[in-house]
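# Results of the structural survey
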Amino acid sequence: MKYSYFPGCNLKTNAKEYEHTAVEVSKILDAELVEMPVFNCCGTVHSMVSDNTMRRVAPVRILSRSEEHQKELEDTKNTVVTLCSMCSSTLKVVNEEVKEDEEMLQKINWQLERDNLKYSGHSEVKHYLEILRDEVGFEEIIKKVKKQLKGMKIASYYGCMLLHPDKAKIDDSETPTVMESLTLALGGEVVDWPYFKTCCGSYHVVDKEDIVNNQVLKITEGAKKRGANAIITACPLCAYNLDSQQVFLQKKGVIKETIPVFYFTQLMAIALGIKLKNFEDHHVDPKPLLKSLGLI
Amino acid sequence: MIRGYPESMRKSIDKVNKTRDKRIDQIMKDLTLEEREKVLHEFHPDYNPAYKRDIGWGQNKGDNVPNEVADILESYPIYDPDEIDLSQIDYDVGVLIIGAGGAGTAAALWTVYSGVPKDKILLATKLRLGDCNTVMAQGGIQAADRPEDSPLIHYLDAMGGGHFKNKPELVKALVSDGPKIIKWHKELGLMYDQNEDGSFVENAGGGTSRNRMHCAKDYTGMEIFRNLKDEVINNEIPLLEFSPAVELLKDENGRVAGALLYNLETKEYSVVRAKTTILTTGGFGRLHIAGFATTNHYGATGDGIVMAYRAGAKLRDLDSTQFHPTGAAFPEQIVGLLITEKLRSLGAQVLGKNGEQICYPLEPRDVEAASIIKVTKSTDNYVETPTGMRGVWLDSPLIEEIRGKGTIDKNLAAMKRMFSRFDIDMTEDPILVHPTLHYQNGGVELDEHGYTSVPGLLGAGEISGGVHGKNRLMGNSLLEVNVFGRRAGISAAKEYKRGKKPGKLTLSHVKKAIEQIDTLNLKKKRFSPVILPEYRSEAVRDRLIQLFESSL
Amino acid sequence: MAKAISMREKKEELDTVTIYIMGQGYKVPSSLTIMKAMEYAGFKLKRGVGCRAGFCGACATVYRKLGDYKIYANLACQTKVEDGMYLTQLPFVPANKAEYNLDEIKPSASTMLRFYPEIARCLSCNACSRVCPQDIQVMDYVQYSLQGQIDKAAELAFDCIQCGLCAIRCPAEIPQYHVATLARRLHGRYHMIAPDTLEQRVKEIEEGKYEKGFEELMSLSEEELKKRYVARDFIDQKKA
């Protein structure tokens, strides 16, 4: 099975290892992510005010381009797959909106007309975690595991965008299980903790860093208190904030110990026997942990 | 119209398309030196005395040049020297560069690189930064950088192309600096085409014995210029646009010491005093030598040669003009525009109306042009367009037969786009061509450091004479603007460091020129420099009147 | 509003069309380009004219056709007149170009954002691509720049002639053609590395390896030089 994969901006800049491991894993699981030939920003940076059609052009353009891409792929579904939870949320919301509001879809399609694009309204947006849970199945993943993640005590961090708003959630917004189930499938230990969806501070990292610092302190200390030795996430911005701000806090003497932050696909890659390219994107060095557990 | 061509031309196209397979490996023999001489004498406009006359005054008196060149040299200034106040200096600089094309921008950059403070430089130009022939050059730039090539072979190719009349020191400078220029361009981030193994794509050109034509698709000149322009802005070099020079100024010691500029929009003049002046105004295509259409930029009116001549600079080789063998002959909207030689480099053949080859496609340009004119003038083997324009076929689809589908998209995007705007698909059908006025082979004589025969005046680019002898090879002009622009910039920086302030500014040299022109007793009083060509319709020109503006 | 057309121009027995130059009507021969038609009508062009061959970007022209709501844009020198064209030229586009030292920057999304932060405002409306006379997918290269895919941005933007029409149409106020220049220069400098043979040859020349050869060639008489020229060998010219 092949999926039309929409990378968004971050996967090409700050989260290259997320993309690399996800694509490699997807090949092994026969749920392959095939990148759309051309794509634009999902539009999350344009605020989603309710009466502004123009600002929905970007996401709908992606949906229509993906439909073109789906026509080229053999053995595929009417699905656009994302890795970034921000992209996932934006695309899902707009997709639902235009499905419900034919008039809005038509207005947007008029904007796309001169580019010879038209969105039918028949695509589904899915985060890759959903593909793993609903289409590949954890049983299938267990079969492909070559190296169990023994000794990894993993706090699954969902952040806001995977669980909110309702139109965009990929799991129960109060008791999500998808990342925990994945952790078990890979042979890791699940850490139960309260901060799984506490906001990381998001774009405030650019202008009000102290807000982000406070959030990151709360989240990472919370994970450590429950005995975690690793955090996994599905969002490049969450990963960046959790990872880089810990180093900042450590330098300022606020915290002593740090905890490494991974994309879930990186741990999948280790368990499935894929050689990781590098850990350059990491701020907190994850190698000591992985080495001590004999995972690299 | 069927796919861009009228039915009358379609019949001939069918023959071309049918004979392609047979021709693919058929190689026409190139001409011997004697045969070249013969076809040139019989058919090249340079050799037709009706188009030429001797210059009547000055340091090159008696030189035989095209009538249009003699006309602008035998012309009065377009202003009254007595009305100019030279005591009011508007710009006082170390280095003045006149003309912001390829040579001018290269010169400006190397003036900066060589240590002249940017606020001591002025780059003045007639139209915009980059309104020049450089941006229009498509085919490529020569540089002997492959192991099987050498500057010496490049030298021999250039000398032969120029009928051995080139100034040897200039050719040596040209070919020796070639690889250095490409290296500089790569530091600037130029996207020269590369093969998969990382080597440069290098094609042949007419008259070259090695593949040394570096290219950036068929936007080579533009890619070079875009980068130079970006650097001029990054280096904050002071620029004046829409301000052509109308005369060079001298000081009382006879040294060139700046120029008189004219603001095309406000119509005021300004006085620039400069320790050193670099003339990079380009060529004369828009004078339409011998009545030919031209590939040249709107501003290419030969202003520099007029100003330099009045200042006493020696000219050379202006008897020869380059007619590019392949200008567009159809559709009418683009007649005369350049069809890059790269088409022939990539394998396109030149064909008569029945689809048979009429000459070796990669002769030096003058020989190739004369061979095509021979067909359209002395045989019936040409194709005529509905408006009566004659041409021969250039078999563009053959390129993809030889090099595979997609070659034209990849290498000739500009050409393909130009024809597709008029519904012609050059990958499917041949295109009609006829020689077109392309390049000023001669000009102001330089030495290898960019100096003219007049103190204080340097030059670079198409305005100069000597580099190409009597005929320029493809790819040597993009090289020339860079090599001699760079050299002139370096020399100007030396002058800047050693030079004293110029003395009192004067136009006495112009007054002397006027006295000499008076002795010619011209039937019709002409004025130059031309600045811009005249293309308004006669109906309009008949009704032009001069209003006294102060009353408005 | 009806526009008056001069009798004088009507008299000529040509295949003519009527175009409206900045609202004023003129009869012009139908075979002309917009640029030549303006000249025919009596305009002596200073701005809005350049190479006249589609390379310099000076003659960006915007027009509508009678009865058609769409905005069209093209180069005046490369576009045939049509009856009922309402046109104006855009001979100058105010757009800031960032200043940078190429030696000190790297090909990345953060470089693009540092010099042109406004690219993050792209709404993906694609108005830029629709107006491009070179048919470049402008929005896509802006997006490639945002994604740090500098190679793709550079190649997609290669045919740009810097006319600036994109920048005028952009609701996010991005100077796309300057963004393109930065992408191309980064790509040309840092990804397209020159082959070693170039440096090798530069070194040979600087060390004077060819001086003797030049001395010899330059000492030859024209006749001797001609012999050398005729005897020179040609190396396989069909390969690039």
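Throughout, residues of each chain are indexed from 1 in the direction in which the sequence is written. The lettering of chains begins at A and the numbering of ligands begins at 1, in the order of writing. The model is predicted, so local features are restricted to residues of pLDDT at least 70 and side-chain atom pairs to those at 80 or more, both for listing and for counting; the totals for chains, interfaces and linings are taken over all residues.

The next point concerns the overall build of chain A. Counting its regular elements, chain A contains 13 helices and eight strands. Its C-alpha atoms give chain A a radius of gyration of 19 Å, near enough to 19 Å, the size a compact globule of 296 residues would have. Counting only C-alpha atoms, chain A reaches 55 × 45 × 30 Å along its principal axes. Sequence separation of 24 or more characterises 78% of the internal contacts of chain A that already satisfy a separation of 6 or more. Secondary structure elements are defined from DSSP: runs of H or I of at least 4 residues count as helices, runs of E of at least 2 residues count as strands, and each element is numbered from the N terminus. Each radius of gyration reported is based on C-alpha atoms, and the globular scaling rule is 2.2 Å times the count of residues to the power 0.38. Residues are treated as contacting if the C-beta atoms built from their backbones sit within 7 Å of each other.

Our next topic: the interface of chain B and chain C. Listed as interface residues are 71 residues of chain B and, on the opposing side, 64 residues of chain C. Taken together, the elements giving at least two residues each to the side of chain B that touches chain C come down to helix 5 (151-161), helix 6 (168-188), strand 6 (202-203), helix 7 (220-234), helix 13 (413-420) and helix 16 (538-541) of chain B. If you tally residues by element for the side of chain B that touches chain C, the top one is helix 6 of chain B, at nine residues. Looking at the side of chain B that touches chain C, its residues break down into 34 nonpolar, 18 polar and 19 charged. Residue polarity follows a fixed list, in which Ala, Val, Leu, Ile, Met, Phe, Trp, Tyr, Cys and Pro are nonpolar, Asp, Glu, Lys and Arg are charged, and the others, Gly among them, are polar.

Residues and elements named next belong to chain A. Any residue with 12 or fewer other C-beta atoms within 10 Å of its own C-beta is exposed, any with 20 or more is buried, and the rest are partly exposed; the C-beta atoms used are placed from the backbone. Burial of helix 12 (residues 264-271) is extensive: eight of the eight residues sit out of reach of the surface. Taken together, the buried residues of helix 12 touch helix 2 (16-28), helix 8 (178-185), strand 7 (230-233) and strand 8 (261-263). Downstream of helix 12 by one or two residues, glycine 273 has phi in the positive range, about 85 degrees.

Here the focus is the sheet that holds strand 1 (residues 2-6) of chain A. Residue and element names in this part refer to chain A. By the convention used here, strands pair only if DSSP detects at least 2 bridges between them. Taken together, the four strands give an open sheet; going across it, the order is 2-1-3-4, and neighbouring strands pair in parallel fashion. Strands at the two margins of the open sheet, each flanked by one partner only, are strand 2 (32-35) and strand 4 (124-127). Each neighbouring strand pair of the sheet contributes to a mean axis angle of 45 degrees, computed without reference to strand direction. As defined by bridge partners, strand 3 (residues 76-82) adjoins strand 4 across four bridges and the pair is classed as parallel. Orientation is described by axes fitted as lines to C-alpha atoms, over the contacting stretch for helices, and by angles from 0 to 180 degrees between their N-to-C directions.

So, on to the domain arrangement of chain A. Residues and elements named next belong to chain A. Segmentation into domains, and thus their bounds, comes from an automatic or database assignment. Examined at the domain level, chain A breaks down into domain 1 (2-129) and domain 2 (147-292). A separation of 25 Å is found between the C-alpha centroids of domain 1 and domain 2. In this complex, domain 1 contributes 23 residues to the contact, which on the side of domain 2 involves 25 residues. Mapped onto the side of domain 1 that touches domain 2, the elements with two or more residues apiece are helix 1 (10-13), helix 2 and helix 4 (85-100). Take the side of domain 1 that touches domain 2: its biggest share by element is nine residues, from helix 2. When its residues are assigned to classes, the side of domain 1 that touches domain 2 shows ten nonpolar, eight polar and five charged.

Turning to the UniProt feature "domain: Cysteine-rich" (unreviewed entry) in chain A, a few remarks are in order. UniProt positions are given in the numbering used here, feature names are shortened, and annotations may be inferred rather than shown by experiment. Residues given the UniProt feature "domain: Cysteine-rich" (unreviewed entry) here are residues 4-92 and 155-243 of chain A. Between the C-alpha atoms that bound residues 155-243 of chain A there is a distance of 14 Å. The span itself is 42% helix and 9% strand.

As a further point, take the interface of chain A and chain C. On the side of chain C, 15 residues touch chain A, which itself brings 17 residues to the contact. Taken together, the elements giving at least two residues each to the side of chain A that touches chain C come down to helix 1 and helix 3 (57-72) of chain A. When residues in the side of chain A that touches chain C are grouped by element, the largest group, three residues, is from helix 3 of chain A.

What follows deals with the domain arrangement of chain C. Partitioning chain C into structural domains gives domain 1 (14-89), domain 2 (102-190) and domain 3 (196-231). The C-alpha-based centres of domain 1 of chain C and domain 3 of chain C are spaced at 52 Å.

Along any regular strand, the residues point their side chains to alternate faces of the sheet. Residues and elements named next belong to chain C. Examined bridge by bridge, strand 1 (residues 16-21) and strand 2 (residues 24-29) share six bridges and lie antiparallel to one another. Following the sheet pairing, isoleucine 19 is matched in strand 2 by tyrosine 26. Following strand 1, the chain reverses through two residues before pairing antiparallel with strand 2; methionine 22 in that reversal takes a positive phi of roughly 50 degrees.

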